[in-house]
Amino acid sequence: MARLPSVDRLLKADAIAPLIDTFGRVETTAAIRNTLAGIRKDMAASGDEPPTDTAILEAASEALTQNAAPSLRPVFNLTGTVLHTNLGRASLPEEAIDAVAAAARGASNLEYRIGEGKRGDRDEHIEDQLCAMTGAEAATIVNNNAAAVMLVLNTFALGKEVPTSRGELIEIGGSFRMPDIMAQSGCTLVEVGTTNRTHLKDFAGAIGPDTGMIMKVHTSNYVVEGFTAEVPEPELAKLCHDNNIPFAIDLGSGTLTDLAQFGLPHEPTPMEAMKHGADVITFSGDKLLGGPQAGIIVGTKDYIAQIKKNPMKRALRCDKMTIAALSAVLRLYADPDRLVERVPTLRLLARRVDAIRGVAERIGPALAAAVDGFGSVTDTACESQIGSGALPTRRIPSAGLAISPNAKSGTALKALAEAFRALPVPVIGRIQDDAFILDLRCLEDEDSFTAQLPALDLPR
Ligand SMILES: *Cc1c(COP(=O)(O)O)cnc(C)c1O
């Protein structure tokens, strides 16, 4: 039987230069070695003759290209969930993307006051904007809202008690459970009230010398309906102020604009929370705000100053790219007339169902051609959701395309979803009622979508 070529011989081949140019000598050599090892194994099993040097180099080149592809890749989010945590939540406005690139490229005045030539504070880049927009006296930001909640609890209630309504001991998702967060922040949770009803007297009875603060958590991902009672925020605020402890509200989504203008139900805003007497308010940067992942904390001057002094703040501080992006997004909020047009999250949420139907009409034929012989495509009404725990019970009417395999089997449906995920820009849809559904609310780049459809590889 003929022998495999040596690594050295292959490294001397003419075709190797462009590979070394692109991937470097170390990676190229490793890829050739791996390819040869794989072929050696196959040959031992099959008894086949070795492939040509050209074929071996081609296999190595393919492996190198695959390895070089970034792990984090763009996808088409056609799940119908606009703020999909697993798919990266909010897409940034172009203005924010430019700001990120500029901040990333070189040195900046991140913590430097140019006029004075002195050290500054990175929060200065966003603090005035946040205060102007929320009516707060001061503001700071950290990596995400989970961090913001932990930082607030740790600042005001380390080693102390935090009375919390039993109706608000929520799990947001993954490992973010309010009771665990309290414990990890060094606080003792004191449960008050019942699951469906909590009264002011429950809180009043729980406050004592060891109470650090009260935190009200916006139950953003579920609703308690029926015989319910919760304490109005202004009453809780007064109780806290009478006892000289801070009253914090964790809003979760925290939109800065009235969602009712998009036909969505009202979602509490930081401005309202301020008006209700909250001293500290936390919300996410990449939920309804439509910005980068961040935890925004706004509130009174004294309390925010205490938060900034906590050494945990240093551990949770945001990167310059986040600050650049958030500042750019906040600037867009100053121009409400063009806000929806510029902030993708709001633009997608506000997208009208007839406009989405238009997308279905335009891309439908290309999709039908791509699945021809495997299945058929029909228009379908869909219901999108905001995602990330915001207004979960509220569906937004949307439109989409449903692909039904000719073979009515779960295997065919799975193969369909897999083939769409295997496209150069993976398409993520959902399986529902024996069809693979693409909710088109979040499809804006129709040309890129249809351009890759001929690559759809279905078992026909
Ligand atoms: C989403 C959410 C959080 C966590 O925010 P992240 O930005 O995901 O860290 C905390 N509290 C509430 C009420 C939420 O909805």
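Residues numbered from 1 in each chain as written. Predicted model: local features only at pLDDT ≥ 70, side-chain atom pairs only at ≥ 80, totals over all residues. Heavy atoms only, no water.

Re the domain arrangement of the protein
Structurally, the protein comprises domain 1 (7–68), domain 2 (76–85 + 349–455) and domain 3 (94–342). Relative placement of domain 1 and domain 3: their C-alpha centres are 54 Å apart. (Domains from an automatic or database assignment.)

A few points about the pattern of salt bridges
Tallied over the entire structure, the rule returns 21 salt bridges. Between Arg 113 and Glu 116 there is a salt bridge whose closest N-O contact spans 3.7 Å. Its relative accessible area of 34% is what places Arg 113 among the partly exposed residues. Asp 121 is the partner of Lys 308 in a salt bridge, and the nearest nitrogen-oxygen pair spans 3.4 Å. Here Lys 308 is found in helix H12 (residues 301–309), whereas its partner Asp 121 is found in the loop between strand E3 (118–119) and helix H6 (124–134), with 187 residues between them in sequence. Taking relative accessible area as the criterion, Lys 308 reaches 25% and is therefore assigned partly exposed. Shared partners join several salt bridges into a network, and the residues in it are Asp 121, Asp 123, Glu 127, Lys 308 and Lys 313. (Salt bridge = Lys/Arg side-chain N within 4 Å of Asp/Glu carboxyl O. Buried < 20%, exposed > 50% of the residue type's maximum accessible area, 1.4 Å probe, protein only. Helix = DSSP H or I, 4+ residues; strand = E, 2+ residues; numbered from the N terminus.)

Considering the packing of aromatic side chains
For the structure shown, the criterion picks out three aromatic pairs. Taking the centre distance of 5.5 Å and the plane angle of 85 degrees together, the rings of Phe 76 and Phe 449 count as edge-to-face. On the criterion of sequence distance, the pair formed by Phe 76 in strand E1 (residues 76–77) and Phe 449 in helix H19 (residues 446–451) is long-range, its members being 373 residues apart. On the basis of relative accessibility, which here comes to 10%, the residue Phe 76 falls in the buried class. (Phe/Tyr/Trp six-rings, centres within 6.5 Å; stacked < 30°, edge-to-face > 60°.)

Details of the sheet that holds strand E13 (residues 375–384)
Within the open sheet, the four strands sit side by side as E13-E14-E17-E16. Their pairing is antiparallel. Of all strands in the sheet, those bounded by a partner on one side alone are E13 and strand E16 (430–432). Adjacent strand axes in the sheet meet at a mean angle of 35 degrees, parallel and antiparallel pairs treated alike. Two strands pair when backbone bridges link them, and E13 and strand E14 (residues 396–405) are joined in this way by ten bridges, in the antiparallel orientation. Paired with Gly 375 across the bridge in E14 is Pro 405. Relative to E14, helix H17 (residues 353–370) is tilted by about 15 degrees, and along the sheet it contacts E13, E14 and strand E17 (435–439). Sitting on the sheet, helix H18 (residues 410–421) is in contact with E14, E16 and E17, with an inclination near 35 degrees to E17. (Pairing = 2+ DSSP bridges. Axes fitted to C-alpha atoms, helices over the stretch in contact; angles between N-to-C directions. Contact = heavy atoms within 4.5 Å.)

Considering the side chain of Lys 216
Within the element layout of this structure, Lys 216 appears in strand E9 (residues 214–217). Judged by its relative accessible area of 8%, Lys 216 is buried. With sequence-adjacent residues up to four places away left out, Lys 216 is seen in contact with Glu 168, Glu 230, Val 231, Glu 233, Leu 236, Phe 247, Ala 248, Ile 249 and Asp 250.

Observations regarding the packing of helix H3 (residues 25–46) against helix H4 (residues 53–68)
Viewed as axis vectors pointing N to C, H3 and H4 meet at an angle of 120 degrees, and their least axial separation amounts to 9 Å. Between H3 and H4, the angle is such that the two are oblique. Crossing geometry of H3 relative to H4 is assigned as right-handed. Contacts between H3 and H4 involve Glu 27, Thr 28, Ala 31, Ile 32, Thr 35, Leu 36 and Ile 39 from the first element and Ile 56, Leu 57, Ala 59, Ala 60 and Leu 64 from the second. Grouping the amino acids of the contact of H3 with H4 by side-chain chemistry returns nine nonpolar, two polar and one charged. (Parallel < 35°, antiparallel > 145°, perpendicular 65-115°, else oblique. Left-handed = near helix turned anticlockwise from the far one by under 90°. Nonpolar A, V, L, I, M, F, W, Y, C, P; charged D, E, K, R; others polar.)

A look at the state of the cysteines
Per the counting criterion, the structure on display carries zero disulfides. Free cysteine Cys 187: the closest other cysteine sulfur is in Cys 240, separated by 14 Å. (Disulfide = S-S within 2.5 Å.)

A short note on H3
Taking 1.5 Å per residue, 22 residues should reach 32 Å; H3 reaches 31 Å between its end C-alpha atoms and fits that length. Residues Thr 28, Thr 29, Ala 31, Ile 32, Thr 35, Leu 36, Ile 39 and Met 43 constitute the buried set of H3. Buried residues of H3, viewed axially, fall in a sector of 160 degrees; they line one side. In H3, those exposed residues whose orientation departs by more than 90 degrees from the buried face are Val 26, Arg 33, Asn 34, Lys 41, Ala 44 and Ala 45. (Expected span 1.5 Å × (residues − 1). Arc of directions from axis to C-beta.)

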